[in-house]
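# Examining the three-dimensional arrangement
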Amino acid sequence: MSISNAQTHPTKTKLLPSLAPGVYEGLSKHLEPVKLEQGKVLHEPEEPISHVYFVNSGLISLLSLLEDGSTIEIGVVGREGLSDTSSLLGASVSPHQALVQIPGDALRMKIDVFKEEVKRNGEFQALLLRYASLLIAQISQVAVCNTLHTIEERLARWLLMCALRVESDNLPLTQEFISHMLGVRRAGVTVAARTLQSAGLIKYNRGDITIIDHEGLEAASCECYQDGKDDFISYMES
């Protein structure tokens, strides 16, 4: 089902409502509401992109896939952005896999329409490029964090980063899933999660993590979280 106009289909995504009403209405006829089911792959690396997804709720992981089948997350996308920025630069394939980490919903647009609208509409293009800048900063920060910091610090940062984007302290995530996101063995995640839980910072039950103490978890994290948080809040409030 396509969206007939912006007023009858309110959205939580940061990007589209930031456009002038007339511009948003022009784009709305190309948007289709879809559910984001946990574990669903939206784009595969080096395969043609069919749609871009503007996230309303939930969370998308951008993953780098290695030759041995292992994965590591390079960035996350919530309602601040969209599932792929490589197409913004004219690419027809993405270098990364886009995987639904936390279920929600989105508005999707066919890739050919998206590229045409980016070329045609300067305001739309400028808005997307600003988001791309935020994402690049996040990817750079994650690369530094993965290299320099402990698993406990990285897990604390990652949980806080996810909670900030979904606006919830309850995260439906398994330790196995987290191990794929952080690019570490599940045993390492188990030890790190137990450490954080023993400190009273989180509570973990099968497939469900709840942040109990935000301030304590921020203290247990590395400086990467605060840097990313400041950038994110500044972007969302602009």
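Numbers given to residues run from 1 along each chain, matching the order in which its sequence is written. Side-chain atom pairs in this predicted model are given and counted only at pLDDT of 80 or more, local residue features only at pLDDT of at least 70, and totals for whole chains, interfaces and linings cover all residues. Processing note: side-chain calculations cover all non-hydrogen atoms of the structure and skip hydrogens and water entirely.

### Examining the overall build of the protein
A run of H or I in DSSP becomes a helix once it reaches four residues, and a run of E becomes a strand once it reaches two; helices and strands are each numbered from the N terminus. Looking only at helices and strands, one finds eight helices and eight strands in the protein. Rg of the C-alpha trace for the protein: 18 Å, near the compact-globule value of 18 Å for 238 residues, within the 12% margin. Its C-alpha atoms give the protein principal-axis dimensions of roughly 55 × 35 × 30 Å. Relative accessible area decides the class of each residue, using a 1.4 Å probe on protein chains only: under 20% of the type maximum gives buried, over 50% gives exposed, and in between gives partly exposed. Counting all 238 residues of the protein, 47% fall into the buried class. When the accessible surface of the protein is split by element, carbon and sulfur atoms take 52% of a total near 11,100 Å². Charge counting treats Lys and Arg as positive and Asp and Glu as negative, with His and both chain ends excluded. A charge is said to be at NZ when it belongs to Lys, at CZ for Arg, at CG for Asp and at CD for Glu. When the 21 positive and 30 negative side-chain charges of the protein are each reduced to one mean point, those points stand 4 Å apart. We compute the radius of gyration from the C-alpha atoms alone; for a globule the expected value is 2.2 Å times N to the 0.38, where N is the number of residues. For every accessible area listed, the method is Shrake-Rupley and the probe measures 1.4 Å; residues are considered covered only by the protein chains on display.

### Comments concerning the pattern of salt bridges
One speaks of a salt bridge when a side-chain nitrogen belonging to Lys or Arg is within 4 Å of a carboxyl oxygen belonging to Asp or Glu. Enumeration over the complete set of coordinates arrives at five salt bridges. Salt-bridge contacts for Arg108 lead to Glu32; the nearest nitrogen and oxygen are separated by 2.9 Å. Of the two residues, Arg108 is situated in strand 5 (residues 97-110) and Glu32 in strand 1 (residues 32-36); the sequence distance between them amounts to 76 residues. The class of Glu32 is partly exposed, set by a relative accessible area of 24%. As a salt-bridge pair, Arg165 and Glu80 come within 3.2 Å of each other at their nearest N and O atoms. Linking Arg165 in helix 4 (residues 151-166) with Glu80 in the loop between strand 4 (71-77) and strand 5, this pair joins segments that are 85 residues apart in sequence. Just as Arg165 is buried, Glu80 falls in that class too.

### Things to note about unusual backbone geometry
Leave glycine aside and you will find that most residues have negative phi; peptide bonds, for their part, are mostly trans. One non-glycine residue, Glu46, lies in positive phi territory at about 60 degrees. Its place among the elements puts Glu46 in the loop between strand 2 (41-43) and strand 3 (51-65). With relative accessibility at 56%, the residue Glu46 sits in the exposed group. The phi dihedral of Glu167 is positive, around 55 degrees, even though this residue is not glycine.

### Some remarks on the side chain of Gln97
Checked against the element boundaries, Gln97 lands in strand 5. Exposure remark for Gln97: the relative accessible area of 9% places this residue in the buried category. Pairs of N or O atoms within 3.5 Å make up the polar contacts considered here, provided that, within protein, one atom can donate a hydrogen while the other can accept it, and that residues adjacent in sequence are counted only when both atoms are side-chain atoms. Side chain to side chain, Gln97 and Glu44 meet in a polar contact 3.1 Å long. Pairs of residues are marked as contacts when any of their non-hydrogen atoms sit within 4.5 Å. With residues near it in sequence (within four places) discarded, Gln97 still touches Val41, His43, Glu44, Pro45, Ser61, Leu62, Leu63 and Leu65.

### A few points about the packing of helix 2 (residues 111-120) against helix 3 (residues 122-148)
Where helix 2 meets helix 3, the axes come as close as 5 Å, and the angle between the chain directions of the two elements is 105 degrees. Accordingly, the angle class assigned to the pair helix 2 and helix 3 is roughly perpendicular. Where helix 2 approaches helix 3, its residues Phe114, Glu117, Val118 and Arg120 are matched on the opposing element by Gly122, Phe124, Gln125 and Leu128. Basically, the charged four are Asp, Glu, Lys and Arg, the nonpolar ten are Ala, Val, Leu, Ile, Met, Phe, Trp, Tyr, Cys and Pro, and anything else, Gly included, counts as polar. Among the residues making up the contact of helix 2 with helix 3, the classes are represented as four nonpolar, two polar and two charged. Orientation is described by lines fitted to C-alpha atoms, with helices fitted over the stretch in contact, and by angles between N-to-C directions that extend from 0 to 180 degrees. In what follows, roughly perpendicular refers to angles from 65 to 115 degrees, roughly parallel to angles under 35, roughly antiparallel to angles over 145, and oblique to any angle outside these ranges.

### Examining the packing of aromatic side chains
Geometry of aromatic contacts follows a simple scheme: Phe, Tyr and Trp rings, the Trp one being its six-membered ring, pair when their centres are within 6.5 Å, and the pair is stacked under 30 degrees between planes, edge-to-face over 60, tilted otherwise. In total, this model carries four aromatic pairs according to the counting rule given. Between Phe54 and Phe124, the aromatic rings sit 6.4 Å apart at their centres with planes inclined by 35 degrees, giving tilted as the arrangement. Residue Phe54 is found in strand 3, and its partner Phe124 is found in helix 3; the two are separated by 70 residues along the sequence. Each member of the pair Phe54 and Phe124 is classed as buried. Note on Tyr131 and Tyr235: the rings are 6.3 Å apart at their centroids and 55 degrees apart in plane angle, and the pair reads as tilted.

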